[in-house]
Amino acid sequence: MYQHILLVTDLQDDTDLVAAKAKWILDAQPNAELSVLHIVEETMVGFGYELIPASALQEEVDSERCQNARGRLAQIMARNQLHPNHVKIKTAISGRKGIVDYCNTHGIDLVVIGRHKRTGLSAWLAGATADSILPDVTADLLVVQLSCD
């Protein structure tokens, strides 16, 4: 029995497919807690040879992107009849780091995440967040295969 399920979303058009899988699991385990996480990758600013998060200079830099994400996330939750206990829009240097940190600090025992099939150069450059978190997340993962970007 899962106690704390994390739905990770990139808010793309196929997010409903991943949300539907989370709903299916929650329907079977009504006592499970649901958290929903969307990572907004921080805007980086270059200073010479160094990159630093823009939020270190001005806190409002990513706030508009976070506000937009909150609105889209609310629509997705309503469309899929999901009622999360916690909704987090988090800025992080990378999606991978944000997800791993969240899992480690919130006692997640199942992560539901989508994985876009990529081929060729896009697979090499972008990779898949679902693949990158595997070594560092101790929770079970349900990876929903999605079509190409």
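Since the structure is predicted, the reported quantities are computational estimates derived from the model, not experimental observations. (Residues numbered from 1 in each chain as written. Predicted model: local features only at pLDDT ≥ 70, side-chain atom pairs only at ≥ 80, totals over all residues. Heavy atoms only, no water.)

### Details of helix H2 (residues 63-79)
Between its first and last C-alpha, H2 extends 24 Å over 17 residues, near the 24 Å set by a 1.5 Å rise per residue. Among the residues of H2, those classed as buried are Cys66, Ala69, Leu73, Ile76 and Met77. Viewed end-on, H2 has its buried residues packed into an arc of 95°, placing them on one side of the element. For H2, the exposed residues set more than 90 degrees away from the buried face come down to Glu64, Gln67, Gln75, Ala78 and Arg79. On its buried side, H2 packs onto strand E1 (4-8), helix H1 (15-28), strand E2 (33-41) and strand E5 (86-92). Positioned one or two residues after H2, glutamine 81 has a phi angle of 50°, which is positive. (Helix = DSSP H or I, 4+ residues; strand = E, 2+ residues; numbered from the N terminus. Expected span 1.5 Å × (residues − 1). Buried < 20%, exposed > 50% of the residue type's maximum accessible area, 1.4 Å probe, protein only. Arc of directions from axis to C-beta. Contact = heavy atoms within 4.5 Å.)

### Points about the pairing of E1
Burial analysis of E1 places five of its five residues in the buried class, the great majority of the element. Neither face of E1 is exposed, since His4, Leu6 and Val8 on one face and Ile5 and Leu7 on the opposite face are all buried. Bridge analysis of E1 against E2 gives five bridges, and the strand direction is parallel. Note on E2: the bridge partner recorded for leucine 6 is serine 35. For the crossover from E1 across H1 to E2, the handedness is right-handed. Direction of pairing for E1 relative to strand E6 (residues 110-116): parallel, over a ladder of three bridges. Bridged to isoleucine 5 within E6 is leucine 110. (Pairing = 2+ DSSP bridges. Right-handed = clockwise from strand over helix to strand, strands pointing away.)

### Some thoughts on the pattern of salt bridges
As enumerated under the stated definition, the model contains four salt bridges in all. Linking aspartate 16 and arginine 79 is a salt bridge whose minimum nitrogen-to-oxygen distance equals 3.0 Å. Placement of aspartate 16 in helix H1 and of arginine 79 in helix H2 is noted, with a sequence separation of 63 residues between them. For aspartate 16, a relative accessible area of 26% gives the class partly exposed. (Salt bridge = Lys/Arg side-chain N within 4 Å of Asp/Glu carboxyl O.)

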